[in-house]
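What the coordinates show
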Amino acid sequence: MEKQWNLDKLYPDFDSREFAEDKKNFLSLLKEINSWSVEQEQSPVQLAEKFINKLKKCYFYYSKLVAYSRLTVSVNAEDERAQKEVEKLEKKITELTRSRVRFQKWLSELDDRAKTLYENSALLAEHEFFLEELAAKSQYLLSEEEEELAARLQQTGSSAWSKLHQRLTSTLTVTLKVEGEKKELPLSEVRNMAYDKNADIRKKAYEAEIAAYDKIEKGGAAALNAIKGEVLTMTEKRGYDSPLEKTLKDSRMEEKTLETLIEAIENSLSDFRKYLKKKAEILGHKKGLPFYDLFAPVGEVGLEFEYEEAAEFIVKNIRPLSSEMADFFKKAFSSSWIDALPRANKRGGAFCYPIHPIQESRVMANFTGSFSNMLTLAHELGHAYHGHCLKEESILNTDYPMPLAETASIFSETAVHEAALEEASPEERLVILENHLSGATQIIVDIYSRFIFEKELFAERKEASLSSDELQSLMIQAQKEAYGDVLDEEHLHPYMWLNKSHYYSAGQNYYNFPYAFGFLFGLGVYALKEDNDNFMEKYKSLLKVTGKKKISEVAKQADINPGAGEFWEKSLDKVREDITLFIKLADEYA
Ligand SMILES: [Zn+2]
């Protein structure tokens, strides 16, 4: 089984004829779209069809080209050619802005006449949601010239800062003494040591990580201030109340839904603290759990996986749920879709990149053999399955909002987790539950701290830039609020703002609560499989419409109302059950 991904289906290399040809096509389509204008002799249907057709083709080439370039950079931060291509492409695509704004304004002025577009054209009917959303968003648009200028300045502004942050963290090396020998290790590898069985290694890795940030904290703080500053300027200029309002609109989500979700999370904090308290007790900490032991394994049974074993385990456990999904996962493993192992200059963490033009995805992971690494693979493959369900959709109907982005991944992760729990001995159960709960703690409690942090960051950044020290104390404050007094005050993580790339995307602010939404939504959807015969069909149809309906409408496909607290409480009850069971098992076996 190959452990590095293969990108040949995209291009053989940057100098290939194929890459050059697609680039040529992309550029000429861009030109054609930019010449789009309201010609009086053409009907609204003709005008709209022309735009949509060209846009679809243009995105086709762009997605292919930029996927190849970005994926190449993600496994080799030092590849300057790939970096340059990403930069050129991202800059080029901003040229779409002017014609898109022109089209959007024309569309919104059609008002009631827009209906006739959908009645008289199958193509436009297929893109009704896309077009309606464009029209509705035109109220937040600036003039054509301003939009173009803003998009171009973003390339040298927030996008450049975000790349700097990525470069700083992916090339940062951490000095660590391993078995008496001093080593320079990549950040991702050192962060992975948080899962190590050896308590001393976990602690040393944490201390070395914190010390290493000294080298990049000023650059990181500058990047964060610049990005958040740009976001504040732009959202205000566009007429949004706040960046949060923009995120909700972009998420196709009602404010009431977020409030209900946050309330449910706050109700569950005391339950999570029971779990964390127990974990501190098991590990022998008297002053509360230190941050570096949040991921510490509990129990004597080692659940380690070779990469091939992990693949087999995932496929085997998805099969009872859906043989189609299992076959799909199997194909991903056997067709070199996955770049599995950590190496120098490779980005940390894991992600899935769906590539609509080739109807496939690629998954990047930093697999080192832990049970949680295995679940991460199941998670990312869930994303890939989501992409698979969308492959027949128009590329313009595949852009799903952040909160729905985690539905399929959590679903798949939950399925593998439940199966593992089912077949495990009590001792293994303790290990699996611990793993699950430490993950859930991240997604609910830590995410809550990140939400508080980002809200506060925006409020303060509005007045002035924040120093690294100020960012650190903001982070500590947020962590205390979320975790309460069950963490060891002396050992929190003041640099989480530097570590998490989510804060560094101007286009996606508050990329935190969507994880909590996705986790609880995925759990809730998964729970529905119990009393539902054709559940998998319902589930697939839910995934299929994620790019062309509002969240509440998508949820309706599975009879869910995300605006009601009841739905969220039910998902959280599932976690509460796990906490109770964990404590019981811990008393017996830990
Ligand atoms: Zn995910």
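Residues numbered from 1 in each chain as written. Predicted model: local features only at pLDDT ≥ 70, side-chain atom pairs only at ≥ 80, totals over all residues. Heavy atoms only, no water.

With that settled, consider the packing of helix H1 (residues 17-34) against helix H4 (residues 96-110). Running from N to C, H1 and H4 cross one another at 35°; their axes reach a closest spacing of 8 Å. Seen along the crossing, H1 lies across H4 with a hand that is left-handed. Listed contacts from H4 to Leu 30, Ile 33 and Asn 34 of H1 are Leu 96, Ser 99 and Arg 102. When the residues that make up the contact of H1 with H4 are grouped by side-chain class, the tally is 3 nonpolar, 2 polar and 1 charged. (Axes fitted to C-alpha atoms, helices over the stretch in contact; angles between N-to-C directions. Helix = DSSP H or I, 4+ residues; strand = E, 2+ residues; numbered from the N terminus. Left-handed = near helix turned anticlockwise from the far one by under 90°. Contact = heavy atoms within 4.5 Å. Nonpolar A, V, L, I, M, F, W, Y, C, P; charged D, E, K, R; others polar.)

This part is about the domain arrangement of the chain. Considered domain by domain, the chain is made up of domain 1 (17-156), domain 2 (241-300 + 432-589) and domain 3 (307-422). If you average the C-alpha positions of domain 1 and of domain 2, the two centres end up 34 Å apart. Facing 5 residues of domain 1, the contacting portion of domain 2 comprises 9 residues. Here domain 1 and domain 2 share an interface that buries about 500 Å² over both sides, 51% of which is from carbon and sulfur atoms. Area buried by domain 1 at its contact with domain 2 is led by Phe 129, Lys 137 and Tyr 140, which between them contribute 72% of it. The tally of links between domain 1 and domain 2 comes to 2 salt bridges. (Domains from an automatic or database assignment. Buried area = accessible area lost by both parts, 1.4 Å probe. Salt bridge = Lys/Arg side-chain N within 4 Å of Asp/Glu carboxyl O.)

With that settled, consider the coordination of the zinc ion. Protein-derived coordination of the zinc ion comes from His 379 (NE2), His 383 (NE2), Glu 406 (OE) and Glu 406 (OE), at a distance range of 2.1 to 2.8 Å. Considering all 4 donor atoms around the zinc ion, angles at the metal cover 51 to 139° and the coordination shape is irregular. (Donors = N, O, S within 2.8 Å, 3.2 Å for Na, K, Ca; no water. Tetrahedral: all angles 85-135°; square planar, octahedral: opposite > 155°, others 65-115°.)

Across the 5 residues that make up strand E4 (residues 351-355), a large majority, 4, are buried. Across 5 bridges, the pairing between E4 and strand E5 (residues 360-364) is antiparallel. Residue pairing for E5: Ile 355 is matched across the bridge by Glu 360. Hairpin connection, E4 to E5: the antiparallel pair is bridged by 4 residues, and Gln 359 has positive phi, about 55°. (Buried < 20%, exposed > 50% of the residue type's maximum accessible area, 1.4 Å probe, protein only. Pairing = 2+ DSSP bridges.)

Given two aromatic rings, one states the distance between the centres and the angle between the planes to describe the pair. Overall, the coordinates contain 40 aromatic pairs when judged by the stated rule. Each ring, one from Trp 36 and one from Phe 103, has its centre 5.2 Å from the other, and the planes form 80°; the classification is edge-to-face. Taken together, the positions of Trp 36 in the loop between H1 and helix H2 (44-75) and Phe 103 in helix H4 put the pair 67 residues apart, joining distant regions of the chain. Summarising the burial analysis for this pair, Trp 36 and Phe 103 share the class buried. Ring geometry for Phe 567 and Trp 568: centres 5.0 Å apart, planes at 70°, overall edge-to-face. Take Phe 567: its relative accessible area is 14%, and that puts it in the buried class. These aromatic residues form a ring-pair network of at least three members: Tyr 11, Phe 14, Phe 19 and Tyr 68. (Phe/Tyr/Trp six-rings, centres within 6.5 Å; stacked < 30°, edge-to-face > 60°.)

There is a patch of like negative charges on the surface, built from Asp 241, Glu 255, Glu 259, Glu 263, Glu 266, Glu 456, Glu 460, Glu 463, Asp 469, Glu 470 and Glu 481. Mapped by element, the contributors of at least two residues to the negative patch are helix H14 (255-282), helix H20 (426-461) and helix H21 (468-483). For the negative patch, the element with the most residues is H14, which contributes 4 residues. Among the structural elements, Glu 263 can be located in helix H14. (Patch = residues over 30% accessible without salt bridge, like charges linked within 9 Å, V, L, I, M, F, W, Y side chains within 5 Å. Areas by Shrake-Rupley, 256 points an atom, 1.4 Å probe, with all protein chains shown as cover. Lys, Arg positive; Asp, Glu negative; His and termini not counted. Charge placed at Lys NZ, Arg CZ, Asp CG, Glu CD.)

Below, the discussion takes up the side chain of Thr 546. Structurally, Thr 546 is set in the loop between helix H24 (535-544) and helix H25 (551-556). Looking at Thr 546, its side chain comes within polar contact range of the main-chain oxygen of Leu 543, at 2.5 Å. Not counting residues within four places of it along the chain, the set of residues in contact with Thr 546 comprises Arg 252, His 386, Leu 390, Tyr 400, Pro 401, Leu 404 and Val 554. (Polar contact = N/O pair within 3.5 Å; in protein donor to acceptor, adjacent residues only side chain to side chain.)

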